[in-house]
Each structure stands twice: as C-alpha cells, then as structure tokens.
Amino acid sequence: VATPSYLAERALEIAVKHDAVSVEVIERDQMVERGMGGLEAVSAGTDQPPTGPVDLAVIAVPPTAVAAVLADLQGKQLAAAYTDLASTKAHIHAEVARLGTDPSSFVGGHPMAGRERSGPGSARGDLFEGRPWVLTPTAHTAPAALAAVQSVVALTGATPYLMSPAEHDHAVAVVSHAPHLVAALVAARLADADPAVLALAGPGVRDITRVAAGDPALWREILATNSPAVAAILAALGAALTAVSAELANPDPDPHAALAATVDALARGNRGVARIPG
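Keep in mind it's a predicted model, so treat the numbers as computed, not measured.

Student: Even after reading the chapter, I still don't get the overall build of the protein chain, so can you show me in this structure?
Tutor: In terms of helices and strands, the protein chain carries 11 helices and 5 strands. In the protein chain, which comprises 278 residues, the proportion classed as buried is 37%. The long-range fraction of contacts in the protein chain, counting pairs at least 24 apart against all pairs at least 6 apart in sequence, stands at 71%. As displayed, the protein chain has an accessible area near 14900 Å², and 59% of this comes from carbon and sulfur atoms.

Student: Is there a simple way to think about the packing of aromatic side chains in this case?
Tutor: Any two aromatic rings considered together are summarised by their centre-to-centre distance and by the angle between their planes. Under the counting rule described, the total for this entry stands at 1 aromatic pair. With a centroid separation of 5.0 Å and an interplanar angle of 35°, the aromatic rings of Phe128 and Trp133 are classed as tilted. Look at Trp133 and you get buried, because its relative accessible area is 4%.

Student: Please clarify how the side chain of His177 should be interpreted in this entry.
Tutor: Here His177 is to be found in helix 6 (residues 165-188). Engagement of the side chain of His177 in a polar contact is seen with the backbone oxygen of Ser87, the distance being 3.5 Å. In this structure His177 touches Ser87, Thr88, Val172, Trp219, Ile222, Leu223, Asn226 and Val230, once residues within four positions along its chain are discounted.

Student: It is not clear to me how the sheet that holds strand 2 (residues 79-84) should be interpreted in this structure. Could you clarify?
Tutor: Hydrogen bonds along the backbone pair up the strands of a sheet, which may run parallel or antiparallel. Taking strand neighbours across the sheet as the criterion, the 5 strands line up as 1-2-3-4-5 in an open arrangement whose pairing is mixed. Of all strands in the sheet, those with a lone pairing partner are strand 1 (54-59) and strand 5 (159-162), marking the two edges. Adjacent strand axes in the sheet meet at a mean angle of 30° when their direction is disregarded. By the bridge criterion, 5 bridges tie strand 1 to strand 2 in an arrangement that is parallel. Note that in strand 2 the partner of Val58 across the bridge is Thr83. Strands in contact with helix 4 (residues 90-98) are strand 2, strand 3 (106-111) and strand 4 (132-136); relative to strand 3, the strand with the most contacts, it is inclined by about 160°.

Student: Help me out: how do you make sense of the environment of His91 in this one?
Tutor: Tracing the chain through its elements places His91 in helix 4. Separated by 78 residues in sequence, His91 and Asp169 have C-alpha atoms that sit 9.4 Å apart. Setting aside its immediate chain neighbours within four residues, His91 contacts Pro63, Thr64, Asp169 and Thr225.

How each quantity is defined
Residues numbered from 1 in each chain as written. Predicted model: local features only at pLDDT ≥ 70, side-chain atom pairs only at ≥ 80, totals over all residues. Heavy atoms only, no water. Helix = DSSP H or I, 4+ residues; strand = E, 2+ residues; numbered from the N terminus. Buried < 20%, exposed > 50% of the residue type's maximum accessible area, 1.4 Å probe, protein only. Contact = heavy atoms within 4.5 Å. Areas by Shrake-Rupley, 256 points an atom, 1.4 Å probe, with all protein chains shown as cover. Phe/Tyr/Trp six-rings, centres within 6.5 Å; stacked < 30°, edge-to-face > 60°. Polar contact = N/O pair within 3.5 Å; in protein donor to acceptor, adjacent residues only side chain to side chain. Pairing = 2+ DSSP bridges. Axes fitted to C-alpha atoms, helices over the stretch in contact; angles between N-to-C directions.

Structure, rendered in structure tokens:
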C-alpha cells in the first residue's frame, strides 16, 4: 500500500517483479494513479482501503507525514505490520511516540536505492537488487513485524541493515543528504551560465550534479528532519573550502609551488572514493 506518494514506484517494484505478491495501492495523487495503469501485478490506484487487513502496509510519503499516516492506517486496522520508505528516521520515530501510535507493528525503513526522478514511470525491476535497505526497529518493535518487513526486503533482492534511528540519520547525512545539497549548490552555478559554457559540459559535471535534479519540496522535508547531522558535515566541508579558496586566491608566483591545502583536499578525495564499496 502506498499513500500520497513521492516514492510510489518503490512500493510497486515488488509486485512488478514477484507475481506471488499481491499488491493493492492507495494513491491520492491522480497524476501518479494514472501512471500506475501500465504496471503489471498492481491493482488500479484507489483512495479506498483494501477489503480486509493486509500483511504489510508500505507508507510512501514525505518524512513529516509518516507518523500521521501510520496513526490513520492503524486506526483502520489496515495491516498486521507497517513500514515506511522515508529518508530520515529519528524524526519519524519521535512523532510516532508523540502521537501515541502503536510502535510494536511499525518498522522504520529506508531503501538506499532511490533515483533523482520519482513517480511510477521511473520504476525499475532491478532498483533494489544488491542495495542496502536500512531498517530501524526499536525496543518496542514486535518480532513478527520485523520479520514481515525483512521478508519483503528479501523479495526485492536488497540487503537489510539494522540500525538505530540516530545511526541511520548520521549515516545518510554523510553519504546522501550533504552530498545532495553540495551537488545542488554546484549545479546552481550553471543556472545562469552562458550557453557556450554549458556546451562544454562533459561526464564529470554531469556525474557531480546528477542528483541535483531531485524534487526541492521533498528535499526540504528531508533536510529539515535531519538538519543537525547535515549542518555538522557542511560546517566541516565549509572549513575545507575556505582553506582551499584562500590558497587559490593568493597563489604562489611559482606555478610549481605546492598548494598544500588544495593538494591535500584532492588526495583525501582520492582516498574517499577508493573506500566506496564496489
């Protein structure tokens, strides 16, 4: 079940690939609903709940809406277990507690397999294969709920990673949220660039800025619900940029002289890239 969704395609991948899984979709966005029609093994979009409780409800909404949607679906006894696909977790778990929602049937989830484009038309059958899928159970999580979510993760070919909400949010700030914002800042330098300059754009700038095509409204929610972790990383990055900028602004007259801070930044970049798995 996906309900008003910026990531509906993720919840649909299971049905596209595994005929044994029956999927019903609640979709309140009519544009997305129309896009579901051509996807195999998915019932037509509807704003009505299933006729009976389902095994697992997948909540595909922005981070600030997850807890409220969970409370609504639990009130309707829609499913035996619930999970979400949002990119931050600590805020969601805190809201679940604040709203008095039953935490035992909820397992926070975040498949690390997104694309910069959303909607059913962007769905791919191999989207999750070999990718990490973070689950954030708490001390209140029922073993049966965790097992239900893990079984779905296994069907997609993803690899489950169990983390605390805080551990997850720090990790994604490092590998996703801060890099996305930096990519957007770099891409923003191109917004008013001369067409003759943009004509020279090659694979390098395309690679660096690819994720900057993401939905700004969605990323506002992600960054707002993980701002302390992202801010800490940007502060460190800002200090490094200041050092490099100052060095480049006052170069040594000798072109062969060492640009110590700049060369160190480049070398650390080499080491960082080498550590990325795969």
